[in-house]
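# Survey of secondary and tertiary structure
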Amino acid sequence: MKLTKKTTATNNESTSALNGVLGRAIDRRAFLRRTGLALGAGAIASALPPAMMRRSQAQAAREMVKGPIEIKRSVCTHCSVGCGVIAEVQNGVWTGQEPDFDSPLNLGSHCAKGASVREHGHGDRRLKYPMKNVNGKWQRLSWDQAINEIGDRLLDIRAKHGPDAVMWVGSAKMSNEGAYLYRKNAALWGTNNVDHQARICHSTTVAGVANTWGYGAMTNSYNDMHNSKCMFFIGSNAAEAHPISMQHVLRGKENGAKLIVADPRFTRTAAHSDQFLRLRPGTDVPLIYGLLWHIFENGWEDKEYIRQRVAFMDEIRAETAKWTPDVVENVTGIPGEDVKKAAQTMAEHRPGTIVWCMGGTQHTIGNNNTRLYSVLQLALGNVGVSGGGANIFRGHDNVQGATDFGILSDTLPGYYGLSEGSYKHWARVWDVDFDWLKARFDDASYANGPKMVPAMNLPGITVSRWFDGVNETDENVSQKTSLKALFLWGHAINSQVRGAEQKKALEKLDLVVVVDPYPTHTAVLPDRDKEGMYLLPACTQFETYGSRTASNRSLQWGEKVIEPLFESLPDHTIMYKLTKKLGYSDQLFKHIKVNGEEPLVEDITREFNRGMWTIGYTGQSPERLKKHLENKHTFNVTTLKAEGGPCDGETYGLPWPCWGTPEMAHPGTHVLYDTSKPVAEGGLNFRARFGVEYQGVNLLAEDSWSKGAEIEDGYPEFTSDMLKQLGWWDDLTEEEKVAAEGRNWKTDLSGGIQRVAIKHGCAPFGNAKARCKVWNFPDPIPVHREPLYTSRRDLVDEYPTYEDRKAFWRLPARYGSIQAQDFSKDFPLIHTSGRLVEYEGGGEETRSNPWLAELQQEMFVEINPADANDRGIKDDTWVWMDGPEGGVIKLKAMITNRVGRGVVFTPYHFGGWFEGKDLLSKYPEGTHPYVRGSAANDAFTYGYDSVTNMQETKASLCQIRPA
Amino acid sequence: MARMKFLCDSERCIECNGCVTACKNEHEVPWGVNRRRVVTLDDGVPGESSISVACMHCTDAPCAAVCPVDCFYTTDDGIVLHDKDLCIGCGYCFYACPFGAPQFPQKEAFGIRGKMDKCTFCAGGPEENNSEDEYIKYGTNRIAEGKLPLCAEMCATKALLAGDGDMVADIYRERVLKRGSRPQTWGWETAYKEA
Amino acid sequence: MRIITLALLAAASVALAGCSDVTVYEPGVYKGSSDPLVEDLRSEELRSALEDRVERQRDR
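Residues numbered from 1 in each chain as written. Chains lettered and ligands numbered in written order. Predicted model: local features only at pLDDT ≥ 70, side-chain atom pairs only at ≥ 80, totals over all residues. Heavy atoms only, no water.

## Here we look at the overall build of chain B
When its secondary structure is counted, chain B shows 7 helices and 6 strands. Counting from the amino terminus, helix and strand elements in chain B follow one another as β-α-β-β-α-β-β-α-α-α-β-α-α. Counting only contacts in chain B whose residues sit at least 6 apart along the sequence, the fraction spanning at least 24 positions is 54%. Surface summary for chain B: the accessible area is close to 6400 Å², and the carbon and sulfur share equals 56%. (Helix = DSSP H or I, 4+ residues; strand = E, 2+ residues; numbered from the N terminus. Contact = heavy atoms within 4.5 Å. Areas by Shrake-Rupley, 256 points an atom, 1.4 Å probe, with all protein chains shown as cover.)

## So, the environment of A:Gly333
Relative to the assigned elements, A:Gly333 resides in the loop between helix H10 (325-332) and helix H11 (336-348). Apart from residues no more than four positions distant in its own chain, A:Gly333 is found in contact with A:Arg278 and A:Val328.

## As for the side chain of A:Arg624
Residue and element names in this part refer to chain A. Relative to the helices and strands, arginine 624 resides in helix H23 (residues 622-630). With relative accessibility at 10%, the residue arginine 624 sits in the buried group. A distance of 2.9 Å separates a polar atom in the side chain of arginine 624 from the backbone oxygen of glycine 619. Beyond its immediate sequence surroundings of up to four residues, arginine 624 is in contact with Gly619, Glu650, Leu654, Cys658, Pro662, Ala665, His666 and Pro667. (Buried < 20%, exposed > 50% of the residue type's maximum accessible area, 1.4 Å probe, protein only. Polar contact = N/O pair within 3.5 Å; in protein donor to acceptor, adjacent residues only side chain to side chain.)

## Here's the deal with the sheet that holds strand S4 (residues 131-134) of chain A
Residues and elements named next belong to chain A. Sheet architecture is open: 7 strands sit in the order S5-S4-S17-S16-S15-S6-S7, paired in mixed fashion. Lying at the two open borders of the sheet, with one neighbouring strand each, are strand S5 (137-140) and strand S7 (194-195). Relative to S7, strand S6 (residues 166-169) runs parallel, the two being bridged by 2 bridges. Bridged to valine 169 within S7 is aspartate 195. Across the sheet, helix H3 (residues 176-189) is in contact with S6, S7 and strand S15 (485-489); its angle to S6 comes to roughly 170 degrees. Sheet contacts for helix H20 (residues 571-582): S6, S15, strand S16 (511-516) and strand S17 (533-537); angle to S15, the most-contacted strand, approximately 155 degrees. (Pairing = 2+ DSSP bridges. Axes fitted to C-alpha atoms, helices over the stretch in contact; angles between N-to-C directions.)

## Some remarks on the interface of chain B and chain C
When the parts come together, some accessible area is lost, and that loss is often what is quoted as the size of the interface. Taken together, the 44 residues of chain B in the interface contact 29 residues of chain C. Across the chain B to chain C interface the summed buried area is about 2800 Å²; carbon plus sulfur atoms make up 55%. The interface formed by chain B and chain C holds 6 salt bridges in total. In this structure, the salt-bridge partner of B:Asp76 is C:Arg42, at a minimum N-O distance of 2.6 Å. Put simply, chain B and chain C have 11 residue pairs in polar contact (both at pLDDT 80 or more) between them. At the level of elements, strand S4 (72-74), helix H5 (150-153), strand S6 (160-164) and helix H6 (165-179) of chain B are the ones that each hand at least two residues to the side of chain B that touches chain C. Examining the composition of the side of chain B that touches chain C, we find that 6 residues originate from one element, H6(B), more than from any other. (Buried area = accessible area lost by both parts, 1.4 Å probe. Salt bridge = Lys/Arg side-chain N within 4 Å of Asp/Glu carboxyl O.)

## Thoughts on helix H2 (residues 143-161) of chain A
Residue and element names in this part refer to chain A. Its 19 residues give H2 an end-to-end C-alpha distance of 26 Å, which sits within 8% of 27 Å, the value for a rise of 1.5 Å per residue. Buried residues of H2: Trp143, Ala146, Ile147, Ile150, Gly151, Leu154, Ile157, Arg158 and His161, and no others. Considered in projection along H2, the buried side chains sweep an arc of 130 degrees and stay on one side of the axis. Opposite the buried face of H2, at more than 90 degrees from it, the exposed residues are Asp144, Ala159 and Lys160. The positive-phi residue at the C-terminal boundary of H2 is glycine 162, with phi of around 95 degrees. (Expected span 1.5 Å × (residues − 1). Arc of directions from axis to C-beta.)

## Concerning the side chain of A:Arg183
Residue and element names in this part refer to chain A. Counting through the fold element by element, arginine 183 comes out in helix H3. Of the buried charged residues, arginine 183 lacks a salt bridge, with aspartate 410 as the closest side chain of opposite charge at 7.5 Å. Within the structure, the side chain of arginine 183 is placed 2.9 Å from the backbone oxygen of threonine 411, a separation counted as a polar contact. Residues in contact with arginine 183, not counting those within four places in the same chain, are Thr191, Asn192, Val194, Phe405, Gly406, Ile407, Leu408, Thr411, Leu412, Pro413 and Leu418. (Lys, Arg positive; Asp, Glu negative; His and termini not counted.)

## Here we look at the packing of aromatic side chains
Residues and elements named next belong to chain A. Evaluated as defined, the whole model comprises 50 aromatic pairs over all chains. Their ring planes at 20 degrees and their centres at 5.2 Å tell us that tryptophan 323 and tyrosine 799 sit as a pair that is stacked. Of this pair, tryptophan 323 sits in the loop between helix H9 (313-321) and H10 while tyrosine 799 sits in the loop between strand S24 (770-771) and strand S25 (805-808), and the two are 476 residues apart along the sequence. On the accessibility criterion, tryptophan 323 (2% relative accessible area) is buried. Under the relative-accessibility criterion, tyrosine 799 is labelled buried at 12%. Relative to phenylalanine 718, the ring of tyrosine 715 has its centre 5.7 Å away and its plane inclined at 75 degrees; by these criteria the two rings are edge-to-face. For phenylalanine 718, a relative accessible area of 0% puts it in the buried group. Ring-pair connections join several aromatic residues into one group, and the members of that group are Tyr180, Tyr215, Phe405, Tyr416, Trp426, Trp430, Phe608, Tyr617, Trp656, Trp659, Trp745 and Phe765. Taking the ring centre of phenylalanine 905 as reference, the NZ or CZ of arginine 265 above it sits at 3.5 Å. Just above the ring of tryptophan 878 sits the side chain of lysine 890; from NZ or CZ to the centre is 5.3 Å. (Phe/Tyr/Trp six-rings, centres within 6.5 Å; stacked < 30°, edge-to-face > 60°. Lys NZ or Arg CZ within 6 Å of the ring centre and 35° of its normal.)

## A short note on helix H26 (residues 752-759) of chain A
Residues and elements named next belong to chain A. Among the 8 residues that make up H26, 6 are buried, leaving the element largely enclosed by the rest of the structure. What H26 keeps buried is the set Gly752, Ile753, Gln754, Val756, Ala757 and Ile758. Contacts made by the buried residues of H26 are with helix H24 (720-726) and helix H25 (734-740). Looking one or two residues past H26, glycine 761 carries a phi angle of roughly 80 degrees, positive in sign.

## Concerning the pattern of salt bridges
Applying the stated criterion across every chain, the model contains 93 salt bridges over all chains. The partner of A:Asp195 in a salt bridge is A:Arg199, with the nearest N and O atoms 2.9 Å apart. Across the pair A:Asp510 and A:Lys530 runs a salt bridge whose closest N-O atoms are separated by 3.4 Å. Of the two residues, A:Asp510 sits in the loop between helix H18 (499-508) and S16 while A:Lys530 sits in the loop between helix H19 (520-524) and S17, which places them 20 residues apart along the sequence. When its relative accessible area of 32% is taken as the criterion, A:Lys530 is described as partly exposed. One network of salt bridges, with partners in common, ties together A:Glu88, A:Glu98, B:Glu26, B:Arg142, B:Glu145, B:Lys147, B:Glu153 and C:Arg53.

## Notes on the packing of helix H7 (residues 284-297) of chain A against helix H13 (residues 366-380) of chain A
All names here are of chain A. Closest axis-to-axis distance for the H7/H13 pair is 9 Å, and the angle between their directions is 15 degrees. When the axes of H7 and H13 are compared, the pair comes out roughly parallel. As H7 packs across H13, the resulting crossing turns out to be left-handed. Counted together, Asp284, Val285, Ile288, Tyr289, Leu291, Leu292 and Ile295 of H7 and Asn368, Asn369, Leu372, Tyr373, Val375, Leu376, Ala379 and Leu380 of H13 form the full contact between these two elements. Taken together, the residues that form the contact of H7 with H13 break down as 12 nonpolar, 2 polar and 1 charged. (Parallel < 35°, antiparallel > 145°, perpendicular 65-115°, else oblique. Left-handed = near helix turned anticlockwise from the far one by under 90°. Nonpolar A, V, L, I, M, F, W, Y, C, P; charged D, E, K, R; others polar.)

## Digging into the sheet that holds strand S3 (residues 93-99) of chain A
All names here are of chain A. Strand order in the open sheet made by the 3 strands is S1-S2-S3, with antiparallel pairing throughout. Edge positions in the open sheet fall to strand S1 (70-75) and S3, since each of these has one partner strand only. On average, each strand axis in the sheet is tilted by 35 degrees relative to the strand beside it, whichever way the strands run. Here 6 bridges tie S1 to strand S2 (residues 84-90), and the two strands are oriented antiparallel to one another. Its bridge partner being in S2, valine 75 is matched across the sheet by glycine 84.

## Some details on the nonpolar core
Side chains of nonpolar character tend, in soluble globular proteins, to be buried together. Residue and element names in this part refer to chain A. With 196 residues, the main nonpolar core has Phe232, Leu292, Trp466, Phe487 and Phe718 as its most contacted residues. Those residues in contact with leucine 292, other than ones at most four positions away along the chain, are Ile316, Thr320, Leu372, Val375, Leu376 and Ala379. With 41 residues, the next largest nonpolar core counts Cys201, Phe233, Phe266 and Val561 among its residues. (Core = buried A, V, L, I, M, F, W, Y, C linked by side-chain atoms within 4.5 Å.)

## Remarks on unusual backbone geometry
All names here are of chain A. Note that the residue after arginine 350, namely proline 351, is joined by a cis bond; omega there is 5 degrees. By the secondary structure assignment, proline 351 is in the loop between H11 and strand S12 (352-356). Cis geometry marks the peptide bond from tryptophan 656 to proline 657; its omega dihedral reads 0 degrees. Inspection of the secondary structure assignment puts proline 657 in the loop between H23 and strand S22 (693-694). Despite not being glycine, alanine 807 has its phi angle at roughly 50 degrees, a positive value.

Structure, rendered in C-alpha cells:
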C-alpha cells in the first residue's frame, strides 16, 4: 500500500505547549515553555506552520516576490555599535538579510535584534497613517489634515503662551541630518525646550567627561579593546546591551586581557569576567576611591603622566585618604581583599580601559561617578593610549549623533552652548538674520538658580522632567507658563520615571503629538477628556538614508533599503511639512534643496559640515562617507585604518574630530588624546577648555605635546590673534584670512585656523591638562552621596544628598527633603533596573517584532531566593511591586541568585500596561505590540543628577508582595 | 571534504539569541517553533555558561533510524534533511533525538503535532533548490548558493561556527591555543590557585 | 474446474491490478523525493565555495 500525504484544513485550537527538553530549571528565559499561550487570542499572524499552509500576506515576502536581488547597505537601528546590515531587496520588498562581513565594526555579526531587523520591512504593528484621538477612540486622518490641525494648535499656543510652551522631544534614532534639523527647528521656533534620550542615558557622562578633559565621548573604540590588557566594566552589561562589543572584548581577553566587572548583579558580562565585584547600587564613588586608595598607597599611579597632563590630582589624593579599605567595604559591600586585588590587577595590566553605562550614569551623583571613573584612568595613565581610555558605550544607534547635534536643552549643535556668541555662529551658518532669530524667542528673563537669564540663553526643560514642566504651576517654571504642547518625536515615555505623573501631564496638555513608527506607550497611557492628541507615522532609518554616528565617533552612511511603509514619512519630510504650515520653512531650509516635500539629505550633511567646528564634524562630507561605505573591507579590524585602497590612511567612518574642510581630507581620530601621533594623522592631546590657570595651578600641559607639534609645550586654543603672534597668519589663503579675522578655531567658517594649526602639528583646541576638579560643579571634587531613596539610613548623615534648589533646568528640584524621610522600613528592597538583549529602549518597536517578542514574553522582576521566601513568593508567579511614591506595577517574579539579597532588578523595556491593567484596547487597531507589560519606571522615583537632571533609576527602593 | 558540523564555543557565547532570530528571520519560522535555542547552565551564578543548540546533523542519526516512514536522508557531507510530504508527524524522532531538535508547529495539520520541522543546516529540503515550494516548506537553501548557515554567520561573538568540520575545528583550535593555559571560565583560579 | 480457475485468475488479477506502484517496505531506506542538492554537493565547485566561506567566520 502506498503511503500518501494527507491534506487537512487549519486547526485553530490552542494546544498545550511542549516543554523544552532541558526544562526550566536550567534555562533562565525558558521560552520553550512559554510558546505563545500567554498571548491569548491576540492574532499572531506569524504563527502559521511552515508546511503546506498559506502564509499570511505580510510574512511570506520571498515566496510572493520575484525579481532580481538588489543589495542595500544600512546600519542596524538598535544600538551604538553600528553593525552593518546588508539587505536583499526584490521589487521593493525586503526579502532577506546577509551578514556584513566586510564591516570592520561587526564583521558580519548581529545580536538577536540586529538579526531580526528585516521585520521592519513587514511592519505589521506599525503606525500606518496619521491618527487623532477623539473621545478615546483613534480616528484616521490625512497628513494634510493632521499637519493643519497640529499647526493651527501650535500657532494658537504660541500666540497665547509664547514659544516656550512647546516642548520638542527628539530622538536618538534620528539620523545626523534629522537630528541636526530637529535642533535647528527648535531654535527657529524660538525655544530651548528641546531634548532627547541622551538626557536619561549618558548626559552625566558627557558633562562629567567633557569637563574633565575636553570632549565627552568614548575615547577609544570597541575595536581598540583588542589592545587592552585590562578591561574594567562598572555598571555596564555589555553582553546584553552591546552584544557585538563582546566580540571585541573577548578577543581582547584572548589576547591576554583581564576582565573585571563591578555590578550589583552577576550579569552575563560578569559570567565572562576574571573578577566580579558585587556593588551596592549607588556606591560607585566609594569603590573607585577604594581602588585609588590602593593605587596611591602602593605608588602605582603614573606620576610622570600626572605631572605632565593632569591638574588637581592632589585634591583627589586628599579625598581618597578618607576611603580606607574598611570604610569602602562598609559602604559598598565589597570585601576589602577583592578591591585590593582589582586595583592590583589594573595597575599590573596596562594599558587598561574602563567601560561604564547606565549603572554609573543614572544617579543623583552621576556626574561625580563619571568624573571619578575618568580620574581613575588618569591616575593610571591610561588615557590617550591604544587599549586604554574611557570606553563609554552609548545607547541607541544614533544617540552619539543626536547628542553631538545638540538635541539638548542646554546647547545648540556642536556643544556651542546657548550664549549670544553661539547663536551668532549658527545664525551665520544658517544664513538667518540674528535679530530675526532673537525675536523668535521670548524676550523676558527668568531664573536659572540664583541668576536671571534671558529665555534665549536659558537652558530649557529636560526630557527627564517634561511632565513636571506640565504639572508645575506657572510661578514655579522659569518661563512664561508651564508647558502646553509636547512633541514626542521618536521617544518613549516609559523610559522616564513616575508614570502616574506622566499620565496626569499627558491628560493636562493641550496638544500631544507622537511622531514615531509605532504608537508607543504614550498613545495608551492617558485618559484624555479633550481632543489634541495626534499620532504621526515616522519611518525607520531603513526607509530613508543618511549618516549616523556610532559610539566610537565613526559616521556611517546608510542607504535606503525600502520606501517608507504605509503612509509613514522620513523625519526631515515631516519637519518640512510642519514648518511650512508654521511659516518658517524657507528659513529652515534656506540652503537645503527640497524635492517636492522631501529635503535633500546630502544638503543637510553639507550644511552641518559648514558649522560643526568644535568637534570636527566638518570633514565628513557625504562623498567621503559614501567612499567608506563602498570600501569597508579595506579597513584593518583593530586599528580601523584603511590599508591601501581608495581610503588609504583614513580611519573607518572618519571618527570626529575630523578636522577642517573635506578638502583638507583629515583621516579622522580613532583614539582621542593620543600624543604618539601627529594631529594630522589622528593624534591629539587634552583640550584647553577651562582657561590657562586656576588658583595658581597651571592648566596647560607640561612637557607633553602631540607628535610633531611645533609648540613643544602646553598652549591655549587657537584664535586669529594667536596665529598672528606665532607668525603663522600668512599661511592662510586670502579667502581664509577674511573669514578667520577676529575669530577662533570654532567660529572661523573657512576652517583655515584649524588647517594652519594642524599644518604646524598643533591641536586647534589647545594643549592642556585634564582637570580632576571641576570648580563650577556642585561637588568640585567628586564625593559620595547616598541615593535619595536609600536603605542605608546609617550613612545618610555622613554622605547626605544636596539641598533642595529652585530654578534648576527651569524647575524646582528636591533632594534633601526627600532623603530626610526614611522609606526603608516600608520599602526595604533596593530597586535597580537595566536592559535585556532582546529589547531596546522603551521597547514598542522590538516588542512588535514577533521574532524578538517570542523570546521575552513577560515583564518580570529578579528577586533573590531569600527575599522571595521572606515574602512567600514563588517562582514565576504574579507579584505587585510598590514604589515609595505610590507607583505600583504588576509583574512576574523570577527567583534567581543573579541579584544579591536585598536587591531586585527589573528590565525597563515593557510598556502598554498601567497599574496592573493591560491597555491593549487603547491601541489603534492592529498596532499593539505582541508583548506588553508593566513599565518598570512607573515604580521608580524622583531623583535627578545635580548637574544634568539625569534620573536616578539605578538606586531606588521598593516592596514586593504576592498578587 | 569533512562532514558539515556546528560548533558552539561556550567561552564566547553570551546568550544573545542572535542565532535564534537569524534562523527565524531567514526561514520565516513561525511562533512556537524554535529550530535553534540557547541553553544556559548555572544561570545567574559564577560558572554560568551558555551554548547554542539545534540539530546536530548526526552521522548516525537517531531520528532517521526510528522514522517509521523513512522520511530522512543525509547528504554526503553529513547534512540530515527530511521530506515533510512524507512525514506523518508521529513524533518518534522527537523521542529519539538527544538534543530536542525536532519541532512541531502548534497549530496544525494532525491536531497536536504538525509536520516535524527542524534545523536544515540552511540546506532546505528535497524540493528543487531555492524554489518557492522549498522555501514555503523548509526555508531558504543557503548551501545551494555556496553560503553557510545564517545562525553561525551572524553569531554576535563568532561563538557559533558552522561548516566543514575540519575548518571549524581549525578555527576553534586556534582560539584555544591563543587562550593558552588560562581558560576564561570563572572558577579556574579557585580550582587551581596557588597553595 | 476450468471456469473456477479462470474466475479465480480474473478475481486475482482484478485484486492485484492496483499493486504495481506499491512501496515495498525496506527499513532505513529513504522513501522521499530526491533532492537535487545531494548531487550538487558532490561538485568540486560548490564544495570549494563552501570551504572558502568558512574562512569568513574566523577572526580577522
